[in-house]
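# Understanding the architecture of this molecule
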Amino acid sequence: MTYAITQTCCNDATCVAVCPVNCIHPTPGEPDFGRTEMLYIDPGSCIDCGACADACPVDAIFPVDALTAGQKEYAAVNAAYYEDRAPSPAPEGGPLFHAWDAPSFPRTLPSDFARIRVAVVGTGPAGMYAAEDLLLHTNAEVTLVDRLPVAGGLVRYGVAPDHPATKRIGETFARFHTHPRVRMYLGVDVGTDLTAEELAAHHDAVVYAVGAAGDRRLGIPGEERAGSIPATAFVAWYNAHPEVAPDAIDLSDVERVVVVGAGNVALDVARLLVADPETLAGTDIADHALAALRASAVREVVLLARRGPEDVSCTAPELLALGRLPGVRLVVDDHDPRIRAAVEAAGPRDKAALLRGAVRERVDWSRAPGPERRIVFRFHSAPEEITDGAVRVTGGAGAGPVEVRAGMVLRAVGYRGLPVAGLPYDEATGTVPHRGGRVEGRPGTYVVGWIKRGPSGGIGANRACAAETVGTLLADAVDGALPVPSGTARAFDRLARGRARHVVDARGLAAIERAERSRGEESGRPRVKLGTVPELLAAARGRRRAAR
């Protein structure tokens, strides 16, 4: 019996580090690492030890004979990765089918390395991977700062509620919230409550992990019309983000939604719009979103993709999952001969091959959606204008524009980083200019995650990204290139608490966690999120009152 990696693979390579026979690839030292959509276990060399499954932070690894009906395809997916790949020569007579990479020790710290104090701005995956690296491999003190009164970032507010296994990586990060060398300041906004200069003055280094909170624009007429909504706002709405009002989305009279884009976020919103609300009732979806979906009139979601099925930008696991939604038909609008040709010509490793099981039909967009729930891919279709109750799209293959009637348009064409107060900003890329994570012209200042590299890569991609940034930071520390802070940790505590009205620390965060899980237990859910800042602060204060 061998193991297989499944849909929720986070790509952070924790499993690679514990595999005793080097059967999980690509590894961080191989060219394909970061390019493949997931990691793969070689069934020919797996020895069934289960170490990878024990270490996996998102419960993505299972014995092949224990895969559920929806996961069985992943046994073949894992094996297919190795079909045309001859393993590199292993030591003769040894038990391995894959040779180990040469040992690498990119960091060397002197034995008398002085303790440094590092602030990490942002508590999402990028920030927490950086904090983890510092805490596990150095004696640094880490100050966690976040503008929201609760930690989690993308894990809490970006991962779809029907992906609970992916959210479990938050438990890995949470163990560092109470680390003895960590101080936490949630509800503190750098740029409003504190300046970047004030934060830097109290720390040897500052790492910004603020993500990409904005959304890319379509640049077409009508984009700002009512009913045209960025998918970033929709995702925040169903995840109970406190900066999106519960009544921001109304689905009660919307029968068809057009989603512009075909990436993973587009598939997430499409899936949730037509899923049976009762299957979501056992997740941590926002209460207001669950109520709205129960009252929703949506029966059809149209995914607009500028290119063909051979270039679809979502990952294969997410596309596979879309075809398994109970009670939902997956349809491909067969309006362009290039679409059928691409699907039929696709090889076994091509994502387009996953659409062979979808219904292919020429959709009449002048008609209202039928009674069934369905998701329709319309390839080779770029939006040209959003009008009142419709989207005009290109027809494909030289045909004229087509008008797709829709009650709502969700723009899912990518996230975009926003300027960070006090830091340089590249308007073209939406990132902070850097070299190896070091912000140019700002000694002691670093970036990690999407604000560093742009909105690409999933949760696990941030581990390698953080390793590079922390490596640069430590090299600067060894070289004596870090500015000497003028303020102490105690002085920073007074400053932060004096400037921010309500600071939530680790004890307050633990109180929020208990309150949400207690609410969840009452309704048979993992948690019921507190969706406003006052609710979060009240829960955090409840812990401190109880301690008196």
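Just so it is clear, the model here is predicted, and its values are computed rather than measured.

## Things to note about the pairing of strand 5 (residues 117–121)
Sheet faces and side chains relate simply in a regular strand, where the side chains alternate between the two faces. Of all the five residues making up strand 5, five are buried; the element is thus mostly covered by neighbouring parts of the structure. Side chains Arg 117, Ala 119 and Val 121 project from strand 5 onto one buried face, and the interleaved Val 118 and Val 120 project onto a second face that is buried too.

## Details of helix 3 (residues 73–83)
At 3.6 residues per turn, the α-helix brings residues three or four places apart onto the same side. Within the sequence span of helix 3, burial applies to Tyr 74, Asn 78, Ala 80, Tyr 81 and Tyr 82. Next to the buried residues of helix 3 lie strand 1 (3–5), strand 2 (24–25), strand 3 (40–41) and helix 13 (316–322).

## A few points about the nonpolar core
Counting 73 residues, the largest nonpolar core has Ile 24, Leu 39 and Ile 41 as its most contacted members. Looking at this core, the element that brings in the most residues is helix 4 (residues 125–137), giving seven residues. The contacts of Ile 41, once residues within four sequence positions are left out, are Tyr 3, Ala 4, Ile 5, Cys 23, Ile 24, Cys 46, Cys 52, Ile 61, Asn 78 and Tyr 82. Formed by 56 residues, the second largest nonpolar core is a distinct cluster that contains Ile 229, Ile 285, Met 408 and Trp 450.

## Side note on helix 16 (residues 461–478)
Over its 18 residues, helix 16 extends 26 Å from the first C-alpha to the last, a length consistent with the 26 Å expected when each residue adds 1.5 Å. Looking at the residues trailing helix 16, positive phi occurs at Gly 480, about 75 degrees.

## Considerations on the packing of helix 9 (residues 231–238) against helix 10 (residues 264–274)
At a minimum axis distance of 10 Å, the contact between helix 9 and helix 10 shows a crossing angle of 50 degrees. The orientation of helix 9 relative to helix 10 falls into the category oblique. Every pair of crossing elements has a handedness; the one defined by helix 9 and helix 10 is left-handed. Where helix 9 approaches helix 10, its residues Ala 231, Phe 234, Val 235 and Tyr 238 are matched on the opposing element by Val 265, Asp 268, Val 269, Leu 272 and Leu 273.

## What about the sheet that holds strand 10 (residues 228–230)?
On the basis of which strands lie adjacent, the open sheet formed by seven strands has the order 10-19-11-12-15-13-14 and parallel pairing. In the strand order of this sheet, the two ends are held by strand 10 and strand 14 (359–361), each with one partner. Direction aside, the axes of adjacent strands within the sheet are offset by 25 degrees on average. Relative to strand 14, strand 13 (residues 328–333) runs parallel, the two sharing three bridges. Note on strand 14: the bridge partner recorded for Val 332 is Arg 360.

How each quantity is defined
- Residues numbered from 1 in each chain as written.
- Predicted model: local features only at pLDDT ≥ 70, side-chain atom pairs only at ≥ 80, totals over all residues.
- Heavy atoms only, no water.
- Buried < 20%, exposed > 50% of the residue type's maximum accessible area, 1.4 Å probe, protein only.
- Helix = DSSP H or I, 4+ residues; strand = E, 2+ residues; numbered from the N terminus.
- Contact = heavy atoms within 4.5 Å.
- Core = buried A, V, L, I, M, F, W, Y, C linked by side-chain atoms within 4.5 Å.
- Expected span 1.5 Å × (residues − 1).
- Axes fitted to C-alpha atoms, helices over the stretch in contact; angles between N-to-C directions.
- Parallel < 35°, antiparallel > 145°, perpendicular 65-115°, else oblique.
- Left-handed = near helix turned anticlockwise from the far one by under 90°.
- Pairing = 2+ DSSP bridges.

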